[in-house]
Amino acid sequence: MSDSPARVDFWFDPMCPWAWITSRWMLEVEQVRDVELRFHVMSLSVLNEGRDLSEGYRAKLDRAWAPVRVAIAAARAHGEEILRPLYTAMGTRIHEGDNKDFEVVIKESLEELDLPPSLAEAATSTEFDEELKASHHRGMDPVGLEVGTPAIHVDGVAFFGPVLSRIPRGEDAGRVFDGARLLASYPHFFELKRTRHERPAFE
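Residues numbered from 1 in each chain as written. Predicted model: local features only at pLDDT ≥ 70, side-chain atom pairs only at ≥ 80, totals over all residues. Heavy atoms only, no water.

Peer 1: Looking at this model, I keep getting lost on the pairing of strand 1 (residues 6-12). Mind explaining?
Peer 2: Consecutive side chains along a regular strand alternate between the two faces of the sheet. Counting buried positions along strand 1 yields 6 of 7 residues, so the element is predominantly enclosed. Pairing between strand 1 and strand 2 (residues 35-41): 7 bridges, direction parallel. Across the sheet, the residue bridging to V8 is L37, located in strand 2. Assessed by its sense of winding, the connection that carries the chain from strand 1 through helix 1 (residues 17-32) to strand 2 is right-handed. Both strand 1 and strand 3 (residues 151-154) contribute to a ladder of 4 bridges, which runs antiparallel. What sits directly across from D9, in strand 3, is H153. (Buried < 20%, exposed > 50% of the residue type's maximum accessible area, 1.4 Å probe, protein only. Helix = DSSP H or I, 4+ residues; strand = E, 2+ residues; numbered from the N terminus. Pairing = 2+ DSSP bridges. Right-handed = clockwise from strand over helix to strand, strands pointing away.)

Peer 1: Explain the packing of aromatic side chains to me, please; I cannot follow it from the model alone.
Peer 2: Geometry of an aromatic ring pair is reported as the spacing of the ring centres plus the angle between the planes. Tallying each qualifying case throughout the model produces 6 aromatic pairs. Ring geometry for F12 against Y87: centres 4.0 Å apart, planes inclined by 10 degrees, an arrangement best described as stacked. Separated by 75 residues along the polypeptide, F12 in strand 1 and Y87 in helix 4 (residues 83-96) bring together distant segments of the chain. Each member of the pair, F12 as well as Y87, carries the same accessibility label: buried. (Phe/Tyr/Trp six-rings, centres within 6.5 Å; stacked < 30°, edge-to-face > 60°.)

Peer 1: Hey, could you run me through the packing of helix 3 (residues 55-78) against helix 6 (residues 129-140) in this one?
Peer 2: The geometry of a pair of packed helices is captured by two quantities: the angle between their axes and the separation between those axes. Where helix 3 contacts helix 6, the axes come no closer than 9 Å and their chain directions differ by 95 degrees. Considered as vectors, helix 3 and helix 6 are oriented roughly perpendicular to each other. Across from W65, V68, R69, I72 and R76 in helix 3, the residues of helix 6 making contact are D129, E131, L132, K133 and S135. Split by residue class, the contact of helix 3 with helix 6 holds 4 nonpolar, 1 polar and 5 charged. (Axes fitted to C-alpha atoms, helices over the stretch in contact; angles between N-to-C directions. Parallel < 35°, antiparallel > 145°, perpendicular 65-115°, else oblique. Contact = heavy atoms within 4.5 Å. Nonpolar A, V, L, I, M, F, W, Y, C, P; charged D, E, K, R; others polar.)

Peer 1: I keep staring at the sheet that holds strand 2 and nothing clicks. Help me out?
Peer 2: In any sheet, the strands associate via hydrogen bonds between backbone groups, in a parallel or an antiparallel arrangement. Here 4 strands make up an open sheet; going across it, the order is 2-1-3-4 and the pairing mixed. If you trace the sheet from one side to the other, it starts and ends with strand 2 and strand 4 (157-160), each paired once. Mean inter-strand twist for the sheet, computed between neighbouring axes without regard to direction, equals 20 degrees. Note: strand 3 against strand 4, 4 bridges, orientation antiparallel. Opposite A151, over in strand 4, you have F160 as the bridge partner. Taken strand by strand, helix 6 contacts strand 1, strand 2 and strand 3, and its axis lies near 135 degrees from that of strand 2.

Peer 1: Quick question: what am I supposed to make of a positive patch on the surface here?
Peer 2: Among the surface-exposed residues, K60, R63, K193, R196 and R199 lie close enough to one another that they form a single positively charged patch. One can find K193 in the segment after helix 7 (170-185). The exposure class of K193 is exposed, given its relative accessible area of 70%. (Patch = residues over 30% accessible without salt bridge, like charges linked within 9 Å, V, L, I, M, F, W, Y side chains within 5 Å. Areas by Shrake-Rupley, 256 points an atom, 1.4 Å probe, with all protein chains shown as cover. Salt bridge = Lys/Arg side-chain N within 4 Å of Asp/Glu carboxyl O. Lys, Arg positive; Asp, Glu negative; His and termini not counted. Charge placed at Lys NZ, Arg CZ, Asp CG, Glu CD.)

Peer 1: Just checking my understanding: could you explain the pattern of salt bridges for this structure?
Peer 2: Any two side chains of opposite charge can pair, so long as their charged atoms come close to each other. Enumeration over the complete set of coordinates arrives at 16 salt bridges. For E30, the salt bridge is made with R84, and the minimal N-O distance between the two is 2.8 Å. Placement of the pair is E30 in helix 1 and R84 in helix 4, with a sequence separation of 54 residues. Judged by its relative accessible area of 26%, E30 falls in the partly exposed class. Residue R84 is classed as partly exposed on the basis of its relative accessible area, which comes to 27%. For R181, the salt bridge identified is with D155, shortest N-O distance 2.8 Å.

Peer 1: Explanation requested: the nonpolar core in the structure shown.
Peer 2: The tendency in soluble globular proteins is for nonpolar side chains to be buried as a group. By size, the foremost hydrophobic cluster in this structure holds 63 residues, and its most contacted members are F10, M26, V41 and F177. It is helix 3 that provides the largest number of residues to this core, a total of 11 residues. Ignoring any residue separated from it by four or fewer positions in sequence, one finds F177 in contact with A6, V8, W25, M26, V29, R33, V35 and V154. (Core = buried A, V, L, I, M, F, W, Y, C linked by side-chain atoms within 4.5 Å.)

Peer 1: Sorry if this is basic, but what is going on with the confidence of the model for the protein chain here?
Peer 2: Keep in mind that low pLDDT regions are not for reading the predicted coordinates in detail. Mean pLDDT over the protein chain stands at 92; residues scoring 70 or higher make up 98%. Across the protein chain, element-level confidence peaks in helix 5 (residues 102-112) with a mean pLDDT of 98 and bottoms out in strand 4 with 89. (pLDDT = per-residue confidence, 0-100.)

This is the structure we're talking about:
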């Protein structure tokens with residue numbers, strides 16, 4: 001494994017609780033390992049277009065367009081570096097605050113970051129959908145089919161996960177990352193999986 005900083009590109013949909021945990025883990029990793037971490041937008045709504053889904057999940061995905069559209073609009077106007085704080089603002093409200101009213105989440109998140117309120121108009125517009133889909137496919141196409149979020153690229157190697165039900169802290173976060181980076185460095189590694197038996201918790 002190289003001694004140079006690890007390049008980590010993280011694709012998120014603000015709606016996904018598993019991605020939220022993995023993203024908070026990566027922020028912990030930054031404190032104990034030499035990494036260059038960048039955030040990008042993927043979309044569960046784009047991922048599931050054309051799929052046969054339950055009525056309830058389809059309705060959820062129809063609502064999920066709003067936060068990712070606003071994120072893309074913000075990145076266009078303010079650069080991709082805005083995605084980290086905007087995702088944190090949205091995700092804190094959605095997951096830790098259990099606020100699923102995305103209109104309120106978007107409004108409060110923009111206010112917190114002193115971003116123009118007009119960015120909220122992107123939530124119901126298709127103007128940014130081509131950019132959204134391009135960002136999505138840059139992250140997801142290298143991972144392959146039948147996966148979702150979280151998706152990360154470590155030193156250019158793309159994979160789904162790691163899926164964590166708790167946020168590793170401190171050196172625990174570093175050790176988990178060391179393992180993920182080691183596996184990513186082996187060109188013939190593809191999958192390591194077991195059945196989940198607990199729900200995500202954000203403490």
